Amino acid sequence: MPRFTLLQLSSRRAIALIVATSLTIAPVALAQSALPDLGDPSQALLSGGQERKIGETVMRQIRSSGAYLNDPEVNGYLNDLGNRLVTAIPGAPFDFEFFAIGDSGINAFALPGGFVGVNSGVILLAQTESELASVLAHEISHVTQHHIARSVGNQRDALLMSLAALAAAVLASRSHSSSSGDMTQAAIASAQGLAIQSQINFTRQNEEEADRLGFERMYAAGFDPSAMATLFERLQRATIWFEGDTPSYFHDHPETYQRIAEAQARAYSKPVRQVPDSLDFHMVRALLKSYEGTPKDAISFFEHALAEKKYNSEVAARYGLVASLLRAQDFKRALGELATLEKIAPPHPMVEAMAGQVLMQSGQLKAAIARYQTAIERYPAKMQLVYDYPDALLRNNQADKAAGFLSQQLQRFPSDGPLHQIAARVYAALGKQLLQHQHQGEYYAWQGNLRAAVTQFELAVKSSDGDFYQMSAAESRLRQAREELAEQQKNAASARG
């Protein structure tokens, strides 16, 4: 089942500032492509390694803030779609990571080093896969053109200070003290002030370039050339639902009517192309829709859509209904609707993962394990299956088998935080304390909670049940985590004063 945490208001303010204020290095925008060689003066300001480090720093803050939508189905789809766009035109300077933000607002953004975030609201707003592709293509362009490095200039210290201030804002928002609101506002005000002083703003020229290059990238990847203009028009119409303001997607961008006209002119220069949407696109949108409102609301939405035949894909609509029933813990009906879904659906990993979840959560562990084993053989890189299979084994008191499976998967995905978290649970069940604490530490480090990571690595080192190599690895990670924590605390102290 999807793993995600909804935003709290204070955390949402912090993440909005990460994207739109103190980082104003994160363009909230749309499109990209052909990569003109400008001599890349950005490298004299920020190296590729520095850009990546900044991006990783912000990613840790996003995860720790609760903004990150930890859903392997949604993020897996975004990465498949995003990397199709990246590879359409060779020469991308980074390995990209695409991820969702659990927010219904209309927003998307790029971070230094190849990280691209998309609000769930954008995925639901897009009516075709080509429209969503135009959003990702724009954000990819900001990264490939090094707009961030060009904007940062010589303000690297101020940038890092503002990042630290935002980290303080996130931490303050989690405090239960009566003064936490004041602490959050003070930290955010500090971040805003530093952002203004650093003058890290995306210019309209950068946005226009991202629109132009994003269009070329989207077209090169085989998508509908009219989709960008269509999405701009949809966004413009959406502004009537915002009281006294436009969606954040429009901030610091060229005038919308101008962008629509330019996107239309580009589309007219290309042959008409009818591009069918993938089933994955519709299923991911149905999954996100199943999270909205109460479980009862979600069930009612899909029941009505199916009764009135108001859907783009019956398979996706029935998938959404099963997901909603699972969320409501109506396992009996979920099993019945799953059977109906499987009669009309083609072989698909999302259906397999949903079937495994329905079986596992309804207590049919042996059937769930058998289903997962078959599915993983067919779809070995499907992360929802990779997460769920050892979970089912653990529930069925097969921790040894789960540990063996996880050992293999962590060799394939060594930086996958949720996988480390599952491993920590498995090794706890086996009574292997060093490995339990080490994997829990890796999860906290991925999540951005370095203090907790250090504590876990310390517990791992103090454990006496590991061999020489395991102990050496734990000690090495402890030293590294302590250094990272010290650097984080130093930046936070600089930001405060």
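Residues numbered from 1 in each chain as written. Predicted model: local features only at pLDDT ≥ 70, side-chain atom pairs only at ≥ 80, totals over all residues. Heavy atoms only, no water.

1. Re the pairing of strand 1 (residues 97-101)
- Most of strand 1 sits inside the fold, with four of its five residues counted as buried.
- Of the strand pairs in this sheet, strand 1 and strand 3 (residues 115-119) are connected by five bridges, and their pairing is parallel. Counterpart to I101 in the pairing with strand 3 is N119. (Buried < 20%, exposed > 50% of the residue type's maximum accessible area, 1.4 Å probe, protein only. Helix = DSSP H or I, 4+ residues; strand = E, 2+ residues; numbered from the N terminus. Pairing = 2+ DSSP bridges.)

2. Side note on the packing of aromatic side chains
- Counting across every chain of the model gives ten aromatic pairs.
- Here F99 and F109 contribute two aromatic rings whose centre-to-centre distance is 5.9 Å and whose plane-to-plane angle is 70°, an arrangement assigned as edge-to-face. Of this pair, F99 sits in strand 1 while F109 sits in strand 2 (residues 108-111), and the two are ten residues apart along the sequence.
- The class of F99 is buried, set by a relative accessible area of 0%.
- In this structure F109 comes out as buried when scored by relative accessible area, which is 1%.
- Seen in terms of ring centroids, Y443 and Y444 are 6.0 Å apart; in terms of plane orientation they differ by 45°. Their pairing is tilted.
- What makes Y444 partly exposed here is its relative accessible area of 23%.
- Taken together, the aromatic side chains of Y68, F99, F109, Y443, Y444 and W446 make up a single cluster linked through ring pairs.
- In this structure, R63 is placed above the aromatic ring of Y68, and the distance from its NZ or CZ to the ring centre is 5.6 Å.
- The ring of Y219 is capped by K270, whose NZ or CZ atom sits 4.8 Å from the centre of that ring. (Phe/Tyr/Trp six-rings, centres within 6.5 Å; stacked < 30°, edge-to-face > 60°. Lys NZ or Arg CZ within 6 Å of the ring centre and 35° of its normal.)

3. A word on the nonpolar core
- Counting residues in each nonpolar core, the largest one holds 68 residues, and the members touching the most others are V74 and L132.
- Examining the composition of this core, we find that nine residues originate from one element, helix 14 (residues 314-327), more than from any other.
- Once residues within four sequence positions are removed from consideration, V74 is found in contact with L69, A100, I123, V284, L287 and L288.
- One finds A368, Y379, Y427 and A474 within the second-largest nonpolar core, a separate group that totals 34 residues. (Core = buried A, V, L, I, M, F, W, Y, C linked by side-chain atoms within 4.5 Å. Contact = heavy atoms within 4.5 Å.)

4. Quick notes on unusual backbone geometry
- Unlike most non-glycine residues, K309 shows phi in positive territory, near 55°.
- Unusually for a residue other than glycine, N397 sits at a positive phi of about 60°.
- Within the secondary structure, N397 is located in the loop between helix 18 (383-395) and helix 19 (399-412).
- Using a relative accessible area of 73% as the deciding quantity, one classes N397 as exposed.

5. What to know about the side chain of Q456
- One can find Q456 in helix 22 (residues 450-462).
- Since its relative accessible area comes to 13%, Q456 is described here as buried.
- Excluding residues that lie within four positions of it along the chain, Q456 makes contacts with H437, Q440, G441 and Y444.

6. Digging into the packing of helix 9 (residues 204-220) against helix 11 (residues 256-268)
- Between helix 9 and helix 11, the least distance of the axes is 11 Å, while the angle of their chain directions is 25°. With respect to their mutual orientation, helix 9 and helix 11 come out roughly parallel. As helix 9 runs across helix 11, the sense of the crossing is right-handed. Mapping the contact onto sequence places E208, D211, R212 and F215 in helix 9 and Q258, R259, R266 and A267 in helix 11.
- Class assignment of the residues belonging to the contact of helix 9 with helix 11 gives a composition of two nonpolar, one polar and five charged. (Axes fitted to C-alpha atoms, helices over the stretch in contact; angles between N-to-C directions. Parallel < 35°, antiparallel > 145°, perpendicular 65-115°, else oblique. Left-handed = near helix turned anticlockwise from the far one by under 90°. Nonpolar A, V, L, I, M, F, W, Y, C, P; charged D, E, K, R; others polar.)

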